[in-house]
Amino acid sequence: MDRKDVVRKPLIGMTLTELEALVTEAGLRRFAAKQIARRLYVGRVSDIDDVTELPKGAREWLGERYCVGLQSPVRESRSTDGTVKYLFATRGDGFDFLSGGHGGRDVEAVYIPDKERATLCVSSQAGCRMGCRFCMTGRQGFHGDLTAAGIINQVLAIPESAKLTNIVFMGMGEPMDNVEEVLKAVEVLTAPWGLAWSPKRITVSSIGKLDGLRRLLDETKVHVAISVHTPFGDEREKLMPVEKAFPVAEVMKLMRGYDFAHQRRLSAEYIMWDGVNDDIRHADALARLLRGVDCRVNLIRFHAIPDFAYKSAKSDVMERFRDRLNSLGITATIRASRGEDIEAACGMLSGEGADVRS
């Protein structure tokens, strides 16, 4: 039977513990797991036959049950500012990068070059359950959790993979709604047997899903970004229905229990809308909300989406808001917008139907 006719599990995204269980089942010594990991994450092999450290019989056994799983993007869009948006299929030959949903949706990742930095914004889900009113991803609903393989594939499969200096989990989906697979992906990215990145090169964003956040904070040293967008709970609930389950005040209470002054960084993401959340009253309330936690604020220009009437705050208003926060002891900066012309900017990712191919 041709390998393409067999449902096989991708090897990329597997942790060392999982690889050790795999080689034990194959009748190999445990050290073979590190050999496979090195070929996957350092050698970037695309075929199990390229793992030449393993005996031919072992490679054949693996090939019948597993595949490397690397899948190139099916489409790319290039911005005038150098940003590149990549579309990835969530299904490949004999395997699926999605779980826990009904599928039918591809995902997007965004490569953002900026002088000496090269950042990849990765997705953790196809669609999203959180339903934020201002987000195109949330508009499409939930289509499934990406496996760790589907997350790591975004990192390994883009042409600029070797240039990457930073990864942000700020693409499609709520990372803490898929915390198990996100934690596995972070382990692969940071472990010495994996890509061996410093956790300081990784930022994970969240709307504030508390159970997942606790695990992320306890089990990793990555940077954390919280989507705030307004300091007032009643306003936030109208924009972000999850405020009812995860009040931003409770999220910041949790943050106060962790050290963000040394090895890791906390940021508050704050999209600014004209006449909605951009006045001094909001700036003062945001400073109060963040009191007692070492947190910087990223002010973000809103990128218009269909059927949402709010407009971005004006540049001079954003500058006054930033200056007010700085005067109150809160470090605030205005984030430069990238990739809006290809719908790759914050809140604009939506993916496409799974039958879209180039």
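Residues numbered from 1 in each chain as written. Predicted model: local features only at pLDDT ≥ 70, side-chain atom pairs only at ≥ 80, totals over all residues. Heavy atoms only, no water.

**Quick word on the overall build of the protein chain**
Put simply, the rule is: Counting from the N terminus, the helices are the DSSP runs of H or I reaching at least four residues and the strands are the DSSP runs of E reaching at least two. Burial classes follow relative accessibility: with a 1.4 Å probe on protein chains only, a residue under 20% of its type's maximum area counts as buried, one over 50% as exposed, and anything between as partly exposed. Any two residues having at least one pair of non-hydrogen atoms within 4.5 Å are treated as being in contact. Accessible surface area values rest on a Shrake-Rupley calculation with a 1.4 Å probe, where residue burial reflects the displayed protein chains alone. Residues scored as positive are Lys and Arg, those scored as negative are Asp and Glu, and His as well as the terminal groups of each chain are ignored. In plain terms, the charge of a residue is placed at NZ if it is Lys, CZ if Arg, CG if Asp and CD if Glu.
Assigned secondary structure in the protein chain consists of 11 helices and 17 strands. With respect to the three principal axes, the spread of C-alpha positions in the protein chain is 70 × 40 × 40 Å. Each of the 358 residues in the protein chain was classed as buried or not, and the buried ones make up 56%. Sequence-distant contacts, at least 24 apart, represent 71% of the contacts inside the protein chain between residues at least 6 apart. Total accessible area on the protein chain stands at roughly 15,700 Å², and carbon and sulfur atoms take up 47% of it. The distance from the centre of the 51 positive side-chain charges to the centre of the 50 negative ones in the protein chain is 3 Å.

**Things to note about the sheet that holds strand β7 (residues 98-99)**
So the rule is basically this: When DSSP finds at least two bridges between two strands, those strands are taken to pair.
Strand order in the open sheet formed by three strands is β7-β11-β10, with antiparallel pairing between adjacent strands. Taken across any chain shown, the strands that pair with only one partner, and hence form the sheet edges, are β7 and β10 (125-127). Pairing analysis gives three bridges linking β10 to strand β11 (residues 142-146), with the strands arranged antiparallel. By the bridge assignment, Q125 is partnered in β11 with D145.

**Thoughts on the packing of aromatic side chains**
For the record, the criterion: When two rings of Phe, Tyr or Trp (its six-membered ring) have centres within 6.5 Å they constitute a pair, described as stacked for plane angles under 30 degrees, edge-to-face for angles over 60, and tilted for the intermediate range. Think of it as a cone above the ring: NZ of Lys or CZ of Arg counts as a charge over the ring if it is within 6 Å of the ring centre and within 35 degrees of the ring normal.
Scanning the model with the defined rule gives nine aromatic pairs in all. Ring centres of W273 and F302 lie 5.8 Å apart, and the angle between their planes is 55°; this geometry places the pair in the tilted category. Of this pair, W273 sits in the loop between β15 (266-272) and α10 (280-289) while F302 is found in the loop between β16 (296-301) and α11 (315-327), placing the two residues 29 residues apart along the sequence. Just as W273 is buried, F302 falls in that class too. Cluster of aromatic residues (ring-pair linked, three or more members): F134, W273, F302, F308 and Y310. Above the plane of the ring of F142 lies R129, whose end atom (NZ or CZ) is 3.8 Å from the centre. Positioned over the ring face of W197 is R201, at 3.6 Å from the centre of the ring.

**Quick word on the sheet that holds strand β4 (residues 84-88)**
Cut-off, in case you're wondering: To obtain each axis, a line is fitted to C-alpha atoms, and for helices this fit is confined to the stretch in contact; angles are then taken between N-to-C directions over 0 to 180 degrees.
Taken in spatial order, the 10 strands line up as β3-β4-β8-β9-β12-β13-β14-β15-β16-β17 in an open sheet, and their pairing is mixed. If you trace the sheet from one side to the other, it starts and ends with β3 (75-78) and β17 (332-334), each paired once. The sheet shows a mean angle of 20° between the axes of neighbouring strands, taken without regard to direction. Pairing of strand β8 (residues 107-114) with strand β9 (residues 117-121), which is carried by five bridges, proceeds in the antiparallel orientation. Its bridge partner lying in β9, Y111 is registered against L120. Here helix α6 (residues 179-190) sits on the sheet and contacts β12 (166-169) and β13 (202-206); the angle it forms with β12, its principal contact strand, is near 175°.

**Thoughts on the environment of Y270**
Rule in force here: Side-chain atoms alone can form a polar contact between residues adjacent in sequence; in general such a contact is a pair of N or O atoms within 3.5 Å, and within protein one must be able to donate a hydrogen while the other accepts it.
Mapped onto the fold, Y270 is located in strand β15. Using a relative accessible area of 1% as the deciding quantity, one classes Y270 as buried. Taking C-alpha positions, Y270 is 12 Å from S205, a pair spaced 65 residues apart along the chain. Residues within four places of Y270 in sequence aside, it is in contact with H229, T230, P231, N277, H282, L286, V297, N298, L299, I300 and F321. A distance of 2.7 Å separates the side chain of Y270 from the backbone oxygen of N277, its partner in a polar contact.

**Thoughts on the packing of helix α1 (residues 16-25) against helix α2 (residues 31-41)**
Put simply, the rule reads: Roughly parallel refers to an angle under 35 degrees, roughly antiparallel to one over 145, roughly perpendicular to one between 65 and 115, and oblique to any angle outside these ranges. Here is the rule for handedness: rotate from the far helix to the near one, and if that takes an anticlockwise turn smaller than a right angle the crossing is left-handed, while a clockwise turn gives right-handed. Amino acid classes used here: Ala, Val, Leu, Ile, Met, Phe, Trp, Tyr, Cys and Pro are nonpolar; Asp, Glu, Lys and Arg are charged; the rest, including Gly, are polar.
One way to put it is that α1 packs onto α2 with a least axis distance of 8 Å and a crossing angle of 120°. What the angle tells us is that α1 and α2 run oblique. Note that α1 runs across α2; the crossing there is right-handed. The residues of α2 that touch α1, namely those facing L16, L19, E20, L22 and V23, are A32, A33, K34, I36 and A37. Here the residues of the contact of α1 with α2 sort into eight nonpolar, no polar and two charged.

**Things to note about α11**
To be explicit about the condition: Helices are assigned an expected span. That span is 1.5 Å times one less than the residue count. Throughout, the arc means the angular range of directions from the helix axis out to the C-beta atoms.
Taking 1.5 Å of rise per residue, 13 residues should cover 18 Å, and α11 covers 18 Å from first to last C-alpha, within 8% of that figure. The complete set of buried residues in α11 reads V317, M318, F321 and L325. When α11 is viewed along its axis, its buried side chains cluster within an angular range of 100° and face the same direction. Exposed residues lying more than 90 degrees from the buried face of α11 are S315 and S327. Here the buried face of α11 lies against β15, α10, β16 and β17.

**Focus on the packing of α6 against helix α7 (residues 210-219)**
The description of two helices packed together rests on the angle between their axes and the distance between the axes. Taken N-terminus to C-terminus, the directions of α6 and α7 make an angle of 20°; their axes are 10 Å apart at the nearest point. Here α6 lies roughly parallel to α7, going by the angle between them. Considering the relative orientation of α6 and α7, their crossing is right-handed. Between α6 and α7, the contacting residues are V179, E180 and L183 on the first element and G212, R215, L216 and E219 on the second. Residue classes in the contact of α6 with α7 are distributed as three nonpolar, one polar and three charged.

**Points about a negative patch on the surface**
Here is the rule we go by: Residues forming no salt bridge and having over 30% relative accessible area are the ones grouped into patches, like charges within 9 Å of each other and nonpolar side chains (Val, Leu, Ile, Met, Phe, Trp, Tyr) within 5 Å. A pair is scored as a salt bridge if a Lys or Arg side-chain nitrogen falls within 4 Å of a carboxyl oxygen belonging to Asp or Glu.
A contiguous patch of negative charge, built from D47, D49, D50 and E60, is present on the exposed surface. Its place among the elements puts E60 in helix α3 (residues 56-65). Residue class for E60 comes out partly exposed when judged on its relative accessible area of 40%.

These figures capture arrangement, not role.
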